[in-house]
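Fold and geometry: a report
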Amino acid sequence: MNALLPTSTAGSLPKPSWLAQPETLWSEWKLPDDELAEGKRDALRLSLADQRDAGIDIVSDGEQTRQHFVTTFIEHLGGVDFEKRETVRIRNRYDASVPTVVGAVSRDRPVFVDDARFLRAQTDQPIKWALPGPMTMIDTLYDAHYGSREKLAWEFAGILNQEAKELQAAGVDIIQFDEPAFNVFFDEVKDWGVAVLERATEGLTCDTAVHVCYGYGIKANTDWKQTLGAEWRQYEEIFPKLQESSIDIVSLECHNSHVPLELIELIRGKKVMVGAIDVASTHIETPDEVAATLRRALQFVDADHLYPSTNCGMAPLRRSVARAKLQALGAGAAIVRQELSD
Ligand code: ZN
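Here, residues in each chain are numbered from 1, in the same order as that chain's written sequence. Only residues with pLDDT of at least 70 get local features here, since the model is predicted, and only at 80 or more are side-chain atom pairs given and counted; chain-wide, interface and lining totals rely on the full set of residues. To obtain the side-chain values, all non-hydrogen atoms of the structure were included, while hydrogens and water were left out.

**Concerning the sheet that holds strand β1 (residues 78-90)**
Pairing is mixed across the open sheet formed by three strands, whose spatial order is β1-β2-β4. Two strands bound the open sheet, and with one partner strand each, they are β1 and β4 (142-143). DSSP bridges decide pairing: two strands pair if at least two such bridges lie between them. Helix and strand assignments follow DSSP, with helices taken as H or I runs no shorter than four residues and strands as E runs no shorter than two, numbered in order from the N terminus. Looking at chain direction, strand β2 (residues 94-106) and β4 are connected through two bridges and run parallel. Within β4, the residue paired with T100 across the bridge is Y142. Whether two residues are in contact is decided by their heavy atoms, any of which lying within 4.5 Å being enough. In this analysis, axes come from line fits to C-alpha atoms, helices being fitted only over the stretch in contact, and the angle between any two N-to-C directions falls in the range 0 to 180 degrees. Seen against the sheet, helix α5 (residues 149-169) touches β2 and β4 and runs at an angle of roughly 75° to β2.

**Concerning the pairing of β1**
Relative to β2, β1 runs antiparallel, the two being bridged by nine bridges. Its bridge partner lying in β2, T87 is registered against S97. Between β1 and β2, which follow one another and run antiparallel, lie three residues, and R91 among them has a positive phi close to 50°.

**Considerations on helix α3 (residues 113-122)**
Relative accessibility under 20% of the residue-type maximum defines a buried residue, over 50% an exposed one, and the middle range a partly exposed one, all with a 1.4 Å probe and only protein chains included. Those residues of α3 that sit buried are V113, D115, A116, F118 and L119. Those residues of α3 that are buried lie in contact with α1 (33-53), β3 (128-132) and α5.

**Looking at the sheet that holds strand β8 (residues 271-275)**
Here six strands make up an open sheet; going across it, the order is β3-β5-β6-β7-β8-β9 and the pairing parallel. The open sheet terminates on both sides in strands that have one partner only, identified here as β3 and β9 (306-309). Adjacent strand axes in the sheet meet at a mean angle of 25° when their direction is disregarded. For strand β7 (residues 249-252) and β8, the ladder comprises four bridges, and the chain directions are parallel. Looking at β8, one finds that L252 is bridged to V274.

**Considering the coordination of the zinc ion**
Here a donor is any nitrogen, oxygen or sulfur atom (N, O, S) within 2.8 Å of the metal, with 3.2 Å used for Na, K and Ca; water is not among the atoms considered, so some sites may look incomplete. Around the zinc ion, the protein contributes the donor atoms H211 (NE2), C213 (SG) and C312 (SG), at 2.1 to 2.3 Å from the metal centre. Going along the chain, you hit the donors of the zinc ion in the pattern H-x1-C-x98-C. One end of the pair, H211, is in strand β6 (residues 207-212); the other, C312, is in the loop between β9 and α10 (319-341), with 101 residues separating them in the sequence. For the residue pair H211 and C312, the accessibility class agrees, reading buried in each case.

**With respect to the packing of aromatic side chains**
For any pair of aromatic rings, the description rests on two quantities: the centre-to-centre distance and the angle between the ring planes. Any two of the Phe, Tyr and Trp rings considered here, Trp counted by its six-membered ring, make a pair once their centres fall within 6.5 Å; the pair's planes then place it as stacked at under 30 degrees, edge-to-face at over 60, or tilted in between. Taken as a whole, this structure holds seven aromatic pairs when the rule is applied. Judged by centre distance (4.6 Å) and plane angle (45°), the rings of Y214 and W232 are tilted. Taken together, the residues Y214 in the loop between β6 and α7 (219-226) and W232 in the loop between α7 and α8 (234-244) connect sequence positions 18 residues apart. Taken as a pair, Y214 and W232 share a single burial class, namely buried. A network of ring pairs unites the aromatic residues Y214, W224, W232, Y235 and F239 as a single cluster. Throughout this description, the term charge over a ring refers to an Arg CZ or Lys NZ atom that lies within 6 Å of the ring centre and within 35 degrees of the ring normal. One Lys or Arg, R66, reaches over the ring of F112 and ends 4.1 Å from the middle of that ring. Between R149 and the ring centre of F185, over which it is positioned, the NZ or CZ distance is 4.7 Å.

**Considering α10**
Multiplying 1.5 Å by the helix residue count minus one yields the expected span of that helix. The end-to-end C-alpha distance of α10, which contains 23 residues, comes to 33 Å, matching closely the 33 Å that a straight helix rising 1.5 Å per residue would cover. Among the residues of α10, those classed as buried are V321, A322, K325, L326, A328, L329, G330, G332, A333, V336 and R337. Elements that come into contact with the buried residues of α10 comprise α1, α9 (287-298) and β9.

As structure tokens, this is what we get:
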């Protein structure tokens, strides 16, 4: 584990082709029910090996046991009907078929805690575990019960807090909440989004992170990015609120994005996970390209607060591409680490 510029991924890694359809979000599992649990764990072990080979310092499960970063969590909750699906517009951007909240939501049993224990048993490296953020959860379902996005978000925050506390007890070092919805619904973020997120982290003693990105490298997102203009200033809307919050780490998109990096100054004092790998392109970054992104970020964040990472999850990429990008991340961070120690 490198104490300086510790590397990590934003979250997901592609699954093996025997487990799920490559380059496909929401792929069905390919294994029969009685082989699925073991298959998922084998995949988790392989994703850990890929991270280790690339010299990634803070490792994750690569989200190998989840069909999707939001729906798999929601699927385990009471009050949600997965048979009753509605097509809704999510992130104000694209239509998705989502489950329906039909009654009071509850967490009747842990969702990822066994998986986290399994990962903990495989490695002594620090572990980061990603959970969907409350606002992104309510934006990825149809609510036929609460009739209020805010009210449902508070309910989910309580549920996420229960899960997060058990993940911490299982040995997770950093709990990350994925909130791509923060980049879309600015007024809600300011009114209650950050407060609800803090409720999800209440009482945690491990580090907490929030990941706010421009989404997976799927067509709906890359088309949307085309409409955002020359400068992407979305973070300017939400960073002041995050700066005031108790969240320790902010994970943001950087390499190949049009985010003006000086916006990092708005979260002064926070640790910053800087995306130095583009997940929307199959071009493999060179270590020098990664190093150049990190150097640019270092103009606005202290070296001991900089965490090199990927822009977003890599689930929709080919596995060989994701693996090579991880290698570039590890090698690029090593270059800058060397420069800083010279
Ligand atoms: Zn993301």
